[in-house]
Amino acid sequence: MVMEKVMTFDVERIREDFPALKSMMHGKPLVYLDSAASSQKPEQVIAAMDQVYRTVYANVHRGVYTNSEVSTELYDQARAKIAHFINASTPEQVIFVRNATEALNLLAYSYGRHFLKEGDEVVLTQLEHHANFVPWLVLAQERGVKLKYIPLASDGTLDLSTLPELLTPRVKLVTFAHVSNVLGTITDPRLIIEPAHAIGARVIVDGCQAAPHMPVDVQELDCDFYAFSGHKMLGPTGIGVLYGKPELLDAMPPFLTGGDMINSVSMEGATWADVPAKFEAGTPAFVQAIGLGAAVDYLTALRMDAVREHERELVRYGLERLSELSGLTLLGPTDPSIRGGALSFTVKGIHPHDLGTLLDREGIAVRTGHHCAQPLHTCLGLTATARASFYIYNEPREVDALAEGIEKAKRVLHK
Ligand code: C6P
(Lines give C-alpha, C1' and ligand atoms only; values in the text may rest on other atoms or scores of the structure.)
Protein backbone atom coordinates (compact mmCIF):
# COMPACT_ATOMS: atom_id res chain seq x y z
CA MET A 1 0.00 0.00 0.00
CA VAL A 2 2.73 2.43 1.06
CA MET A 3 4.91 1.34 -1.88
CA GLU A 4 2.02 1.84 -4.28
CA LYS A 5 1.56 5.39 -3.00
CA VAL A 6 5.25 6.15 -3.41
CA MET A 7 5.22 4.78 -6.94
CA THR A 8 2.14 6.67 -8.09
CA PHE A 9 3.08 9.95 -6.41
CA ASP A 10 6.75 10.69 -6.47
CA VAL A 11 7.09 14.40 -5.65
CA GLU A 12 10.84 14.50 -6.33
CA ARG A 13 10.15 13.13 -9.79
CA ILE A 14 7.27 15.56 -10.35
CA ARG A 15 9.44 18.54 -9.36
CA GLU A 16 11.88 17.66 -12.12
CA ASP A 17 9.18 18.60 -14.63
CA PHE A 18 8.80 22.17 -13.30
CA PRO A 19 11.63 24.45 -14.43
CA ALA A 20 10.49 27.42 -12.34
CA LEU A 21 10.77 25.39 -9.14
CA LYS A 22 14.52 25.18 -9.68
CA SER A 23 14.92 28.95 -9.46
CA MET A 24 16.39 30.93 -6.56
CA MET A 25 14.74 33.82 -4.73
CA HIS A 26 16.99 36.26 -2.85
CA GLY A 27 19.74 33.65 -2.91
CA LYS A 28 17.51 30.91 -1.46
CA PRO A 29 15.80 28.01 -3.25
CA LEU A 30 12.26 29.05 -4.18
CA VAL A 31 9.55 27.66 -1.88
CA TYR A 32 6.43 28.24 -3.96
CA LEU A 33 3.34 28.23 -1.74
CA ASP A 34 0.95 30.25 -3.90
CA SER A 35 -0.63 27.72 -6.25
CA ALA A 36 -4.15 28.79 -5.23
CA ALA A 37 -3.35 32.06 -7.03
CA SER A 38 -1.71 30.31 -9.98
CA SER A 39 0.23 27.07 -10.38
CA GLN A 40 3.63 26.53 -11.94
CA LYS A 41 3.81 24.84 -15.36
CA PRO A 42 5.45 21.53 -16.27
CA GLU A 43 7.73 21.09 -19.30
CA GLN A 44 5.00 19.01 -20.97
CA VAL A 45 2.58 21.98 -21.04
CA ILE A 46 5.23 24.45 -22.14
CA ALA A 47 6.37 22.02 -24.87
CA ALA A 48 2.83 21.39 -26.15
CA MET A 49 2.29 25.11 -26.77
CA ASP A 50 5.82 25.70 -28.01
CA GLN A 51 5.37 22.96 -30.57
CA VAL A 52 2.17 24.47 -31.96
CA TYR A 53 3.81 27.89 -32.30
CA ARG A 54 6.86 26.35 -33.98
CA THR A 55 5.04 24.04 -36.39
CA VAL A 56 1.35 23.93 -37.31
CA TYR A 57 0.24 27.29 -35.94
CA ALA A 58 -2.65 28.80 -37.91
CA ASN A 59 -6.01 30.26 -36.91
CA VAL A 60 -8.71 27.68 -36.18
CA HIS A 61 -12.05 27.29 -37.99
CA ARG A 62 -10.78 29.60 -40.73
CA GLY A 63 -8.86 27.86 -43.47
CA VAL A 64 -9.11 24.78 -45.65
CA TYR A 65 -5.32 24.59 -45.70
CA THR A 66 -3.57 21.89 -43.71
CA ASN A 67 -2.16 23.87 -40.79
CA SER A 68 -5.50 25.50 -40.01
CA GLU A 69 -7.13 22.08 -40.06
CA VAL A 70 -4.45 20.57 -37.81
CA SER A 71 -4.70 23.47 -35.33
CA THR A 72 -8.50 23.06 -35.31
CA GLU A 73 -8.10 19.33 -34.72
CA LEU A 74 -5.73 19.94 -31.76
CA TYR A 75 -8.17 22.51 -30.33
CA ASP A 76 -11.05 20.01 -30.60
CA GLN A 77 -8.92 17.29 -29.00
CA ALA A 78 -8.19 19.61 -26.05
CA ARG A 79 -11.93 20.16 -25.57
CA ALA A 80 -12.54 16.41 -25.58
CA LYS A 81 -9.76 15.82 -23.02
CA ILE A 82 -11.22 18.42 -20.68
CA ALA A 83 -14.73 17.01 -21.09
CA HIS A 84 -13.35 13.60 -20.15
CA PHE A 85 -11.45 15.09 -17.18
CA ILE A 86 -14.68 16.39 -15.59
CA ASN A 87 -16.80 13.55 -17.02
CA ALA A 88 -19.02 15.78 -19.16
CA SER A 89 -21.06 13.56 -21.46
CA THR A 90 -20.01 15.39 -24.65
CA PRO A 91 -17.16 17.80 -25.57
CA GLU A 92 -19.75 20.39 -26.67
CA GLN A 93 -20.64 20.95 -23.02
CA VAL A 94 -17.19 22.48 -22.51
CA ILE A 95 -17.08 26.19 -23.39
CA PHE A 96 -13.63 27.76 -23.51
CA VAL A 97 -13.43 31.14 -21.79
CA ARG A 98 -10.51 33.23 -20.50
CA ASN A 99 -10.84 32.17 -16.85
CA ALA A 100 -13.39 31.41 -14.12
CA THR A 101 -14.15 35.12 -13.80
CA GLU A 102 -15.25 35.23 -17.44
CA ALA A 103 -17.26 32.01 -17.04
CA LEU A 104 -19.18 33.46 -14.09
CA ASN A 105 -19.73 36.78 -15.87
CA LEU A 106 -20.98 34.88 -18.92
CA LEU A 107 -23.55 33.20 -16.67
CA ALA A 108 -24.61 36.42 -14.96
CA TYR A 109 -25.00 38.20 -18.31
CA SER A 110 -26.43 35.44 -20.45
CA TYR A 111 -28.33 33.20 -18.02
CA GLY A 112 -28.98 35.86 -15.35
CA ARG A 113 -30.22 38.64 -17.62
CA HIS A 114 -32.28 36.30 -19.76
CA PHE A 115 -33.92 34.13 -17.12
CA LEU A 116 -34.07 36.22 -13.93
CA LYS A 117 -36.57 39.00 -13.34
CA GLU A 118 -37.38 41.50 -10.60
CA GLY A 119 -38.28 39.78 -7.35
CA ASP A 120 -36.39 36.58 -8.16
CA GLU A 121 -33.76 35.50 -5.66
CA VAL A 122 -30.20 34.20 -6.01
CA VAL A 123 -28.55 32.32 -3.15
CA LEU A 124 -24.78 32.76 -2.71
CA THR A 125 -22.53 32.09 0.26
CA GLN A 126 -20.53 34.35 2.53
CA LEU A 127 -17.27 32.78 1.44
CA GLU A 128 -17.42 33.52 -2.29
CA HIS A 129 -14.51 34.91 -4.27
CA HIS A 130 -15.32 38.31 -5.81
CA ALA A 131 -15.58 36.55 -9.20
CA ASN A 132 -18.72 34.82 -7.93
CA PHE A 133 -19.97 37.84 -6.01
CA VAL A 134 -19.63 41.00 -8.05
CA PRO A 135 -21.38 39.75 -11.24
CA TRP A 136 -24.43 38.90 -9.10
CA LEU A 137 -24.26 42.19 -7.18
CA VAL A 138 -24.32 44.07 -10.49
CA LEU A 139 -27.21 41.93 -11.75
CA ALA A 140 -29.13 42.50 -8.50
CA GLN A 141 -28.72 46.27 -8.76
CA GLU A 142 -29.66 46.31 -12.43
CA ARG A 143 -32.65 43.94 -12.34
CA GLY A 144 -34.05 44.13 -8.82
CA VAL A 145 -33.00 40.56 -8.11
CA LYS A 146 -32.50 39.79 -4.42
CA LEU A 147 -29.31 38.15 -3.13
CA LYS A 148 -29.33 35.89 -0.09
CA TYR A 149 -26.33 34.25 1.56
CA ILE A 150 -25.63 30.87 3.12
CA PRO A 151 -23.81 31.94 6.30
CA LEU A 152 -20.48 30.76 7.55
CA ALA A 153 -20.47 28.57 10.67
CA SER A 154 -17.90 29.19 13.39
CA ASP A 155 -15.81 26.18 12.26
CA GLY A 156 -15.25 27.68 8.78
CA THR A 157 -17.79 25.44 7.02
CA LEU A 158 -21.03 26.68 5.48
CA ASP A 159 -24.03 26.49 7.78
CA LEU A 160 -26.21 24.31 5.55
CA SER A 161 -28.86 24.01 8.26
CA THR A 162 -30.10 27.37 6.91
CA LEU A 163 -30.96 25.88 3.49
CA PRO A 164 -34.62 25.00 4.20
CA GLU A 165 -35.23 28.61 5.24
CA LEU A 166 -33.21 30.13 2.36
CA LEU A 167 -34.58 27.95 -0.45
CA THR A 168 -37.95 29.58 -0.98
CA PRO A 169 -39.97 29.40 -4.24
CA ARG A 170 -38.55 32.76 -5.38
CA VAL A 171 -35.02 31.32 -5.51
CA LYS A 172 -34.14 30.68 -9.15
CA LEU A 173 -30.39 30.27 -8.89
CA VAL A 174 -27.90 29.01 -6.30
CA THR A 175 -24.18 29.56 -6.74
CA PHE A 176 -21.27 28.62 -4.51
CA ALA A 177 -17.57 27.74 -4.36
CA HIS A 178 -16.79 24.01 -4.28
CA VAL A 179 -13.62 24.90 -2.30
CA SER A 180 -12.95 28.23 -0.56
CA ASN A 181 -9.78 30.00 -1.74
CA VAL A 182 -9.26 31.42 1.77
CA LEU A 183 -10.54 28.89 4.32
CA GLY A 184 -9.87 25.83 2.19
CA THR A 185 -13.35 24.59 3.12
CA ILE A 186 -14.58 21.83 0.82
CA THR A 187 -18.36 21.90 0.48
CA ASP A 188 -19.94 18.68 -0.78
CA PRO A 189 -21.85 20.18 -3.76
CA ARG A 190 -24.56 17.53 -3.60
CA LEU A 191 -25.68 18.85 -0.20
CA ILE A 192 -26.67 22.11 -1.93
CA ILE A 193 -27.52 20.88 -5.44
CA GLU A 194 -30.15 18.34 -4.37
CA PRO A 195 -32.28 20.70 -2.24
CA ALA A 196 -31.85 23.52 -4.78
CA HIS A 197 -33.07 21.29 -7.61
CA ALA A 198 -35.96 20.16 -5.43
CA ILE A 199 -37.33 23.72 -5.52
CA GLY A 200 -36.60 24.08 -9.26
CA ALA A 201 -33.54 26.33 -8.90
CA ARG A 202 -30.49 26.04 -11.16
CA VAL A 203 -27.05 25.57 -9.62
CA ILE A 204 -23.65 27.01 -10.54
CA VAL A 205 -20.54 25.58 -8.91
CA ASP A 206 -17.38 27.72 -8.86
CA GLY A 207 -14.84 24.94 -9.16
CA CYS A 208 -11.77 27.16 -9.44
CA GLN A 209 -10.10 25.72 -6.32
CA ALA A 210 -11.51 22.21 -6.77
CA ALA A 211 -10.93 21.08 -10.36
CA PRO A 212 -7.12 21.38 -10.04
CA HIS A 213 -7.04 19.38 -6.80
CA MET A 214 -9.58 16.56 -6.70
CA PRO A 215 -11.67 14.32 -8.96
CA VAL A 216 -14.67 16.23 -10.34
CA ASP A 217 -17.56 14.41 -12.01
CA VAL A 218 -20.13 16.91 -13.27
CA GLN A 219 -22.64 14.17 -14.11
CA GLU A 220 -22.45 12.68 -10.65
CA LEU A 221 -22.77 16.14 -9.07
CA ASP A 222 -25.67 16.93 -11.42
CA CYS A 223 -24.69 20.63 -11.31
CA ASP A 224 -26.13 22.82 -14.05
CA PHE A 225 -22.89 24.77 -14.55
CA TYR A 226 -19.29 24.29 -13.36
CA ALA A 227 -16.57 26.95 -13.84
CA PHE A 228 -12.78 26.84 -13.47
CA SER A 229 -9.51 28.41 -14.65
CA GLY A 230 -6.70 26.66 -16.52
CA HIS A 231 -3.83 28.57 -14.94
CA LYS A 232 -4.46 27.09 -11.48
CA MET A 233 -4.17 23.54 -12.81
CA LEU A 234 -0.80 23.54 -14.61
CA GLY A 235 -2.25 25.19 -17.72
CA PRO A 236 -1.39 28.59 -19.18
CA THR A 237 -3.09 31.88 -18.39
CA GLY A 238 -5.90 33.09 -20.65
CA ILE A 239 -7.87 29.86 -20.77
CA GLY A 240 -10.73 28.68 -18.55
CA VAL A 241 -13.72 26.41 -18.75
CA LEU A 242 -17.45 26.72 -18.36
CA TYR A 243 -19.30 23.41 -18.30
CA GLY A 244 -23.06 23.57 -18.76
CA LYS A 245 -25.99 21.24 -19.31
CA PRO A 246 -26.84 21.27 -23.04
CA GLU A 247 -30.49 22.27 -22.71
CA LEU A 248 -29.47 25.35 -20.68
CA LEU A 249 -26.59 26.34 -22.96
CA ASP A 250 -28.92 25.97 -25.96
CA ALA A 251 -31.56 28.20 -24.38
CA MET A 252 -29.12 30.95 -23.34
CA PRO A 253 -28.39 33.94 -25.60
CA PRO A 254 -24.76 34.64 -26.55
CA PHE A 255 -22.59 36.67 -24.19
CA LEU A 256 -20.13 38.16 -26.70
CA THR A 257 -20.95 38.49 -30.38
CA GLY A 258 -18.90 38.74 -33.58
CA GLY A 259 -16.94 36.26 -35.69
CA ASP A 260 -17.04 32.50 -35.24
CA MET A 261 -20.24 32.44 -33.15
CA ILE A 262 -22.78 32.98 -35.94
CA ASN A 263 -24.68 30.72 -38.24
CA SER A 264 -25.48 33.46 -40.76
CA VAL A 265 -25.38 37.25 -40.86
CA SER A 266 -27.29 39.62 -43.13
CA MET A 267 -27.90 43.38 -43.09
CA GLU A 268 -31.09 42.66 -41.19
CA GLY A 269 -29.95 40.25 -38.52
CA ALA A 270 -27.95 37.23 -37.46
CA THR A 271 -28.52 33.68 -36.27
CA TRP A 272 -26.26 31.90 -33.82
CA ALA A 273 -23.99 28.92 -34.23
CA ASP A 274 -24.56 25.86 -32.09
CA VAL A 275 -22.95 25.45 -28.66
CA PRO A 276 -20.02 25.70 -27.93
CA ALA A 277 -19.24 28.08 -30.84
CA LYS A 278 -22.18 30.32 -29.80
CA PHE A 279 -20.20 31.27 -26.67
CA GLU A 280 -16.74 31.51 -28.26
CA ALA A 281 -16.80 34.75 -30.26
CA GLY A 282 -13.62 35.81 -32.03
CA THR A 283 -10.33 33.96 -32.39
CA PRO A 284 -10.21 31.67 -29.37
CA ALA A 285 -7.15 31.13 -27.17
CA PHE A 286 -6.63 27.82 -28.93
CA VAL A 287 -2.92 27.43 -28.19
CA GLN A 288 -3.69 27.95 -24.51
CA ALA A 289 -6.54 25.42 -24.78
CA ILE A 290 -4.05 22.92 -26.24
CA GLY A 291 -1.74 23.73 -23.30
CA LEU A 292 -4.62 23.05 -20.90
CA GLY A 293 -5.22 19.75 -22.68
CA ALA A 294 -1.59 18.83 -21.96
CA ALA A 295 -2.07 19.89 -18.32
CA VAL A 296 -5.09 17.63 -18.04
CA ASP A 297 -3.04 14.76 -19.53
CA TYR A 298 -0.40 15.38 -16.87
CA LEU A 299 -2.93 15.42 -14.00
CA THR A 300 -4.76 12.38 -15.37
CA ALA A 301 -1.50 10.41 -15.44
CA LEU A 302 -0.95 11.29 -11.77
CA ARG A 303 -4.58 10.35 -10.96
CA MET A 304 -6.74 12.97 -9.32
CA ASP A 305 -7.49 10.82 -6.28
CA ALA A 306 -3.73 10.59 -5.66
CA VAL A 307 -3.41 14.38 -6.11
CA ARG A 308 -6.11 14.87 -3.51
CA GLU A 309 -4.50 12.43 -1.08
CA HIS A 310 -1.10 14.09 -1.43
CA GLU A 311 -2.57 17.51 -0.68
CA ARG A 312 -4.64 16.26 2.22
CA GLU A 313 -1.43 14.92 3.79
CA LEU A 314 0.35 18.24 3.24
CA VAL A 315 -2.57 20.17 4.72
CA ARG A 316 -2.68 17.81 7.70
CA TYR A 317 1.03 18.38 8.27
CA GLY A 318 0.67 22.14 7.70
CA LEU A 319 -2.15 22.40 10.24
CA GLU A 320 -0.11 20.41 12.76
CA ARG A 321 3.13 22.35 12.20
CA LEU A 322 1.64 25.85 12.12
CA SER A 323 -0.61 25.28 15.13
CA GLU A 324 2.59 24.78 17.18
CA LEU A 325 3.59 28.41 16.55
CA SER A 326 2.67 30.89 19.28
CA GLY A 327 0.58 33.88 18.22
CA LEU A 328 -0.51 32.18 14.99
CA THR A 329 -4.23 31.73 14.30
CA LEU A 330 -5.25 29.30 11.58
CA LEU A 331 -8.52 29.93 9.75
CA GLY A 332 -10.95 27.37 8.42
CA PRO A 333 -11.84 23.79 9.33
CA THR A 334 -9.36 21.81 11.43
CA ASP A 335 -10.25 18.50 9.74
CA PRO A 336 -7.95 17.96 6.70
CA SER A 337 -10.53 15.68 5.08
CA ILE A 338 -12.77 18.70 4.43
CA ARG A 339 -9.98 21.08 3.47
CA GLY A 340 -8.41 21.89 0.13
CA GLY A 341 -4.81 22.99 -0.26
CA ALA A 342 -5.11 26.56 1.10
CA LEU A 343 -4.01 27.47 4.64
CA SER A 344 -4.78 31.04 5.70
CA PHE A 345 -3.58 32.47 8.98
CA THR A 346 -2.76 35.57 10.96
CA VAL A 347 0.17 36.17 13.30
CA LYS A 348 -0.43 38.34 16.35
CA GLY A 349 1.16 41.77 16.05
CA ILE A 350 2.36 41.29 12.46
CA HIS A 351 0.58 42.66 9.42
CA PRO A 352 0.22 39.94 6.76
CA HIS A 353 1.95 42.16 4.19
CA ASP A 354 5.02 42.55 6.45
CA LEU A 355 5.03 38.81 7.01
CA GLY A 356 4.76 38.15 3.27
CA THR A 357 7.66 40.52 2.57
CA LEU A 358 9.90 38.87 5.18
CA LEU A 359 8.99 35.38 3.94
CA ASP A 360 9.90 36.48 0.41
CA ARG A 361 13.40 37.33 1.73
CA GLU A 362 13.62 33.66 2.75
CA GLY A 363 12.60 32.57 -0.75
CA ILE A 364 9.06 31.67 0.37
CA ALA A 365 6.17 32.86 -1.82
CA VAL A 366 2.81 33.20 -0.03
CA ARG A 367 -0.14 35.42 -0.83
CA THR A 368 -1.25 38.16 1.56
CA GLY A 369 -4.31 40.44 1.61
CA HIS A 370 -8.02 39.73 1.28
CA HIS A 371 -7.53 37.18 -1.53
CA CYS A 372 -10.45 38.73 -3.48
CA ALA A 373 -12.84 37.67 -0.70
CA GLN A 374 -13.55 40.88 1.20
CA PRO A 375 -17.06 39.94 2.39
CA LEU A 376 -15.61 36.75 3.91
CA HIS A 377 -12.87 38.73 5.67
CA THR A 378 -15.55 41.11 6.98
CA CYS A 379 -17.41 38.11 8.43
CA LEU A 380 -14.18 37.00 10.10
CA GLY A 381 -13.55 40.52 11.47
CA LEU A 382 -10.28 40.76 9.51
CA THR A 383 -8.99 42.93 6.69
CA ALA A 384 -6.14 40.70 5.56
CA THR A 385 -4.58 37.28 6.10
CA ALA A 386 -1.51 35.40 4.91
CA ARG A 387 -2.14 32.28 2.82
CA ALA A 388 0.08 29.33 1.96
CA SER A 389 -1.34 27.01 -0.67
CA PHE A 390 -0.09 23.63 -1.84
CA TYR A 391 -0.07 21.62 -5.02
CA ILE A 392 1.32 18.40 -6.49
CA TYR A 393 4.94 19.60 -6.31
CA ASN A 394 5.02 20.73 -2.66
CA GLU A 395 6.74 18.75 0.04
CA PRO A 396 6.63 18.60 3.85
CA ARG A 397 10.09 20.25 4.01
CA GLU A 398 8.48 23.36 2.46
CA VAL A 399 5.94 23.42 5.29
CA ASP A 400 8.93 23.31 7.67
CA ALA A 401 10.56 26.18 5.76
CA LEU A 402 7.34 28.19 6.12
CA ALA A 403 7.15 27.54 9.87
CA GLU A 404 10.81 28.52 10.30
CA GLY A 405 10.29 31.62 8.13
CA ILE A 406 7.35 32.71 10.30
CA GLU A 407 9.42 32.22 13.47
CA LYS A 408 12.23 34.30 11.98
CA ALA A 409 9.76 37.06 10.98
CA LYS A 410 8.43 37.10 14.55
CA ARG A 411 11.98 37.51 15.90
CA VAL A 412 12.73 40.33 13.45
CA LEU A 413 9.50 42.26 14.00
CA HIS A 414 9.02 41.66 17.72
CA LYS A 415 12.57 42.43 18.85
N1 C6P B 1 -8.48 33.04 -6.90
C2 C6P B 1 -6.58 33.41 -5.44
O3 C6P B 1 -5.42 33.76 -5.21
P4 C6P B 1 -9.56 33.79 -12.14
O5 C6P B 1 -8.85 34.98 -11.54
O6 C6P B 1 -10.68 34.19 -13.04
O7 C6P B 1 -8.63 32.79 -12.73
O8 C6P B 1 -10.22 33.01 -10.91
C9 C6P B 1 -11.19 33.63 -10.13
C10 C6P B 1 -11.54 32.79 -8.94
C11 C6P B 1 -12.84 32.34 -8.80
N12 C6P B 1 -13.19 31.56 -7.77
C13 C6P B 1 -12.31 31.18 -6.83
C14 C6P B 1 -12.75 30.30 -5.71
C15 C6P B 1 -10.97 31.60 -6.91
O16 C6P B 1 -10.10 31.23 -5.98
C17 C6P B 1 -10.58 32.45 -7.98
C18 C6P B 1 -9.18 32.95 -8.09
C19 C6P B 1 -7.07 33.40 -6.86
O20 C6P B 1 -7.33 33.02 -4.55
C21 C6P B 1 -6.75 34.69 -7.55
S22 C6P B 1 -7.63 36.06 -6.91
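As the structure is a prediction and not an experimental result, all values here were calculated from the model. Chains are numbered independently. Their residues run from 1 in the order of the written sequence. The predicted origin of the model limits local features to residues at a pLDDT of at least 70 and limits the giving and counting of side-chain atom pairs to 80 or more, whereas totals for whole chains, interfaces and linings rest on all residues. To get the side-chain values, take all heavy atoms of the structure and skip hydrogens and water.

> Describe the pairing of strand E9 (residues 225-229), with residues and values.
Along a regular strand, successive side chains alternate from one face of the sheet to the other. The buried fraction of E9 is high, at five of five residues. By the alternation rule, side chains of E9 split into Phe-225, Ala-227 and Ser-229 and Tyr-226 and Phe-228, which are all buried. Each pair of strands is called paired provided DSSP finds at least two bridges between the two strands. Helical segments are the DSSP runs of H or I of at least four residues, strand segments are the runs of E of at least two, and each set is numbered from the N terminus. As paired strands, strand E8 (residues 202-206) and E9 are joined by three bridges and run parallel to one another. Counterpart to Asp-206 in the pairing with E9 is Ala-227. For every residue, the accessible area (1.4 Å probe, protein chains only) is compared with the maximum for its type, and the residue is labelled buried under 20%, exposed over 50%, or partly exposed between those bounds.

> Describe a nonpolar patch on the surface, naming the residues involved and giving the relevant values.
A contiguous nonpolar patch, built from Tyr-109, Val-134, Leu-137 and Val-138 and spanning about 290 Å² of accessible area, is present on the exposed surface. Tallying contributions element by element places helix H6 (residues 134-143) first for the nonpolar patch, with three residues. Mapping Leu-137 onto the fold places it in helix H6. With a relative accessible area of 34%, Leu-137 lands in the partly exposed category. Patches draw on residues past 30% relative accessible area with no salt bridge. Two like charges within 9 Å are joined, as are two nonpolar side chains (Val, Leu, Ile, Met, Phe, Trp, Tyr) within 5 Å. A 1.4 Å probe and the Shrake-Rupley method give the accessible areas. Residues count as covered only by the protein chains that appear here. Salt bridges are identified by distance alone: a Lys or Arg side-chain nitrogen within 4 Å of an Asp or Glu carboxyl oxygen.

> I'd like a description of helix H8 (residues 190-198), backed by residues and values.
Think of an α-helix as 3.6 residues a turn; residues three or four steps apart then line up on the same face. Turning to H8, its buried residues number three or more, namely Ile-192, Ile-193 and Ala-196. The arc that holds every buried residue of H8, seen down its axis, measures 95 degrees, which confines them to one face. Exposed side of H8, more than 90 degrees from the buried face: Glu-194 and Ala-198 are the residues found there. Contacts: residue pairs with any heavy atoms within 4.5 Å of one another. The inward-facing, buried residues of H8 abut strand E6 (146-150), helix H7 (163-166), strand E7 (171-177), E8 and helix H9 (218-221). Positive phi appears at Gly-200, one or two residues downstream of H8, with a value of about 85 degrees. What the arc measures is the spread of directions leading from the helix axis to the C-beta atoms.

> I'd like to hear about the confidence of the model for the protein, residue by residue, with values.
The pLDDT averaged across the protein works out to 96; a share of 98% of its residues lies at or above 70. The predictor's confidence in any single residue is recorded as pLDDT, a number from 0 to 100. Overall, residues 1-7 carries pLDDT values under 50, and its contacts beyond four positions in sequence, including any with other chains, amount to two contacts.

> Quick rundown of the pattern of salt bridges? Include the residues and the values.
Under the counting rule described, the total for this entry stands at 28 salt bridges. The salt bridge partner of Arg-98 is Glu-102, with a shortest N-O separation of 2.8 Å. In this structure, Glu-324 and Arg-321 form a salt bridge, with 3.5 Å as the shortest nitrogen-oxygen distance. Here the salt bridges do not stand alone but share partners, grouping Arg-15, Glu-395, Arg-397 and Glu-398 into one network.

> Give a description of the domain arrangement of the protein that names residues and reports values.
Throughout the structure description, domain borders are defined by an automatic or database domain assignment. Partitioning the protein into domains gives domain 1 (11-37 + 303-412) and domain 2 (48-300). Across the contact, 37 residues belong to domain 1 and 32 residues belong to domain 2. Counting the surface lost from both domain 1 and domain 2, the interface buries some 2,600 Å², and carbon and sulfur atoms represent 62% of this. Accessible area, probed at 1.4 Å, shrinks when two parts are joined; the buried area is that loss added up over both. A per-residue breakdown of the area domain 1 buries against domain 2 is headed by Met-304, Leu-376 and Tyr-391, which together make up 25% of the total. The interface formed by domain 1 and domain 2 contains zero salt bridges. Contacts described as polar in this section are N or O atom pairs within 3.5 Å, which, within protein, must combine one atom able to donate a hydrogen with one able to accept it, while residues neighboring in sequence count only if both atoms come from side chains. Here domain 1 and domain 2 share 17 residue pairs in polar contact (both at pLDDT 80 or more) between them. Among the elements of the structure, helix H12 (304-322), strand E14 (342-347), helix H14 (374-380) and strand E17 (385-389) are those that each provide at least two residues to the side of domain 1 that touches domain 2. If you tally residues by element for the side of domain 1 that touches domain 2, the top one is H14, at six residues. Each residue is assigned to one of three groups, with Ala, Val, Leu, Ile, Met, Phe, Trp, Tyr, Cys and Pro labelled nonpolar, Asp, Glu, Lys and Arg labelled charged, and all others, Gly among them, labelled polar. Of the residues assigned to the side of domain 1 that touches domain 2, the class counts are 20 nonpolar, 10 polar and seven charged.

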